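So you can see what is in the structure, the chains are spelled out below.
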Amino acid sequence: MPDAPLAQRITHRHIEVFRAVMAAGSATGAADLLHSSQPTVSRELARLESLLGYALFERVQGRLRANARALALWDEVQRSWQGLERVVERAVALGRADAVQLSVLCLPALAHALLPGAAARLVQACPQARLSVTPQESPLLEEWISAQRFDLGLCEQASAPPGTRAEVLLTLDEVAVLPAGHALAQQARLQLADFADQPFVSLSADDPYRRLIDARFAQAGVPRTLRTETHSAAAVCAMVEHGLGLAIVNPLTALTAAAGGRLVVRRLAFSIPFSVAAVLPLYRPALPEVEPMLQALRAEAADRAQQLQALP
C-alpha cells in the first residue's frame, strides 16, 4: 500500500504538471498548456520529485529527459486521464435530451420476437429515445435485474425477482409449428396424438418448456421421433422450416418465424401456458422513457394476441 501521508501530500496539481511536461516535452511548453509560467511548472515538478524521493527527469543542457520511472508513471497517468475524460464526456452528454439510453434486458427469444416491434412503437412516439438491448438467459437475467443494473427487463415468468416489480404483458398458449405444406397443416388444432411417430424438433433438455412438453407426451403415451434439439425457439423454427420435423414453441417466436411463409402455426387442443412479464427495478431511478416503453410493449403484446386468435 502507498504511504498514506505521502499520498495525501501529492496533489492532483502535481500529476497535472507531470502530464503537461510529458505531453509538451519541456517546462516551457507545459506552462503554455497549463496557462502558467515556466518557473511555476519547474517548482511544482521539483516538489513532486522531492515528495516521491526520486527523480523523474534528467536535466541535460537545460532540457528535461524522462527516465524509466517517468515513462512507467506516464503509462498509468494516461490510463487514468482517459478514464476521467470519459467521465467528463458522459457528464456533459447526460445534459442532452438525446443522450440518455433506456437499457433493456430480455430473454433472447423476446429480443427477436417481441421487442423489435415495441421498439419501433417507442421511436415513433418518442423520436429522441435511445435504446440499449442486452439479451440474457435465466437465471442471470433475474439476477441482473435484481441488482438494479437495467431500466427494464422482459422475462417469461409472472413472479417478480427480489427488488423488482413485475407486470404481466400477455398470457397465451404454446403453439405448433409445421413445415409449409405438411399434411397436419390442414387441421385448425392439433391433438397430442397427431404428433405420434412424427419427427420432432425439441428445445434443449434443460429448458423448462421442454420439460413441460415432454411430460404431456409421456402422460398421454404418445411417442415422437426426437431427431433434433437446440437451445432457442428461433433455432427450433429454423429447423422446422428446413423440414427436420414438427415442434411446439412459444407463440411470439412462431408468429415471427411464420412471416417468411416457409412454416405454418397451428394452435394446440391442449394448453401449455406461456407468459411474458415486464420487470422493473424498485431501487433504480426510472427514466422518463420507461413508461412509453411499457405502453409500446403492451400494444405490441395485444397485437400478437390478436394475430394468434386470427389463425385458421
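Residues numbered from 1 in each chain as written. Predicted model: local features only at pLDDT ≥ 70, side-chain atom pairs only at ≥ 80, totals over all residues. Heavy atoms only, no water.

## Notes on the overall build of the chain
When its secondary structure is counted, the chain shows twelve helices and 13 strands. For a compact globule of 312 residues, the expected C-alpha radius of gyration is about 20 Å, and the chain comes in at 31 Å, more than 25% above that figure. Counting only C-alpha atoms and orienting by the principal axes, one finds that the chain spans roughly 95 × 40 × 35 Å. When the 312 residues of the chain are sorted by exposure, 43% land in the buried category. Across the chain, the fraction of contacts at a sequence separation of at least 24, relative to all contacts at a separation of at least 6, is 73%. Carbon and sulfur atoms form 54% of the exposed surface of the chain, whose accessible area is close to 16,000 Å². (Helix = DSSP H or I, 4+ residues; strand = E, 2+ residues; numbered from the N terminus. Rg over C-alpha atoms; globule rule 2.2 N^0.38 Å. Buried < 20%, exposed > 50% of the residue type's maximum accessible area, 1.4 Å probe, protein only. Contact = heavy atoms within 4.5 Å. Areas by Shrake-Rupley, 256 points an atom, 1.4 Å probe, with all protein chains shown as cover.)

## So, the nonpolar core
Counting residues in each nonpolar core, the largest one holds 70 residues, and the members touching the most others are Leu152, Leu154, Val177, Phe195 and Leu297. Once residues lying within four places of it in the same chain are set aside, the contact partners of Leu154 are Leu105, Cys106, Leu107, Leu110, Leu115, Leu141, Leu169, Ala277, Ala278 and Leu297. In this structure, Phe18, Leu34, Leu45 and Leu48 belong to the second largest nonpolar core, which totals 20 residues. (Core = buried A, V, L, I, M, F, W, Y, C linked by side-chain atoms within 4.5 Å.)

## Here's the deal with the sheet that holds strand 3 (residues 101–106)
A sheet is described by the order of its strands in space; here five strands give the open sequence 4-3-5-13-6, paired in mixed fashion. Whereas interior strands pair on both sides, the edge strands pair on one side only; in this sheet they are strand 4 (130–135) and strand 6 (164–173). Each neighbouring strand pair of the sheet contributes to a mean axis angle of 20 degrees, computed without reference to strand direction. Pairing geometry for strand 3 and strand 5 (residues 152–155), over three bridges, is parallel. Looking at the pairing, Cys106 lines up with Leu154 of strand 5. (Pairing = 2+ DSSP bridges. Axes fitted to C-alpha atoms, helices over the stretch in contact; angles between N-to-C directions.)

## Regarding the environment of Leu107
Here Leu107 shows up in the loop between strand 3 and helix 6 (108–113). For Leu107, a relative accessible area of 8% translates into the label buried. Along the chain, Leu107 and Arg47 lie 60 residues apart, while their C-alpha atoms are 57 Å from each other. Excluding residues that lie within four positions of it along the chain, Leu107 makes contacts with Gln136, Glu137, Ser138, Leu141, Leu154, Cys155 and Glu156.

## Details of the packing of helix 10 (residues 233–241) against helix 11 (residues 251–258)
Their axes nearest at 9 Å, the elements helix 10 and helix 11 cross at an angle of 40 degrees. Classified by the angle their axes make, helix 10 and helix 11 are oblique. In the packing of helix 10 onto helix 11, the handedness of the crossing is right-handed. Where helix 10 abuts helix 11, its residues Ala233, Ala234, Cys237 and Glu241 lie against Thr253, Ala254 and Ala257. Counted by class, the contact of helix 10 with helix 11 contains five nonpolar, one polar and one charged residues. (Parallel < 35°, antiparallel > 145°, perpendicular 65-115°, else oblique. Left-handed = near helix turned anticlockwise from the far one by under 90°. Nonpolar A, V, L, I, M, F, W, Y, C, P; charged D, E, K, R; others polar.)

## A short note on the packing of aromatic side chains
Counted according to the given criterion, the structure contains six aromatic pairs. With a centroid separation of 6.2 Å and 10 degrees between ring planes, the pair formed by Trp144 and Phe150 is classed as stacked. Among the residues examined, Phe150 registers a relative accessible area of 9% and is labelled buried. Look at Tyr209 and Phe274: their rings are 5.9 Å apart centre to centre, the planes differ by 50 degrees, and that puts the pair in the tilted class. With Tyr209 in helix 9 (residues 208–220) and Phe274 in strand 13 (residues 273–281), the pair connects residues that are 65 residues apart, well separated along the chain. The pair formed by Tyr209 and Phe274 is uniform in burial state, with each residue classed as buried. (Phe/Tyr/Trp six-rings, centres within 6.5 Å; stacked < 30°, edge-to-face > 60°.)

## A look at the sheet that holds strand 7 (residues 175–179)
Pairing is mixed in the open sheet, where four strands are placed in the order 8-12-7-11. Sheet topology places strand 8 (189–190) and strand 11 (247–249) at the edges, where each strand pairs with a single neighbour. For strand 7 and strand 12 (residues 263–268), the ladder comprises four bridges, and the chain directions are antiparallel. Residue pairing in the sheet places Val177 in a bridge with Val265 of strand 12. Strands in contact with helix 11 are strand 7, strand 11 and strand 12; relative to strand 12, the strand with the most contacts, it is inclined by about 150 degrees.

## Topic: the state of the cysteines
Covalent bonding between the sulfur atoms of two cysteines defines a disulfide. With the rule as written, the count across this model stands at zero disulfides. Cys106 forms no disulfide, and the closest cysteine sulfur to it belongs to Cys155, at a distance of 10 Å. Overall, Cys106 belongs to the buried group, its relative accessible area being 0%. No disulfide involves Cys237; its nearest neighbouring cysteine sulfur is the one of Cys106, lying 17 Å away. (Disulfide = S-S within 2.5 Å.)

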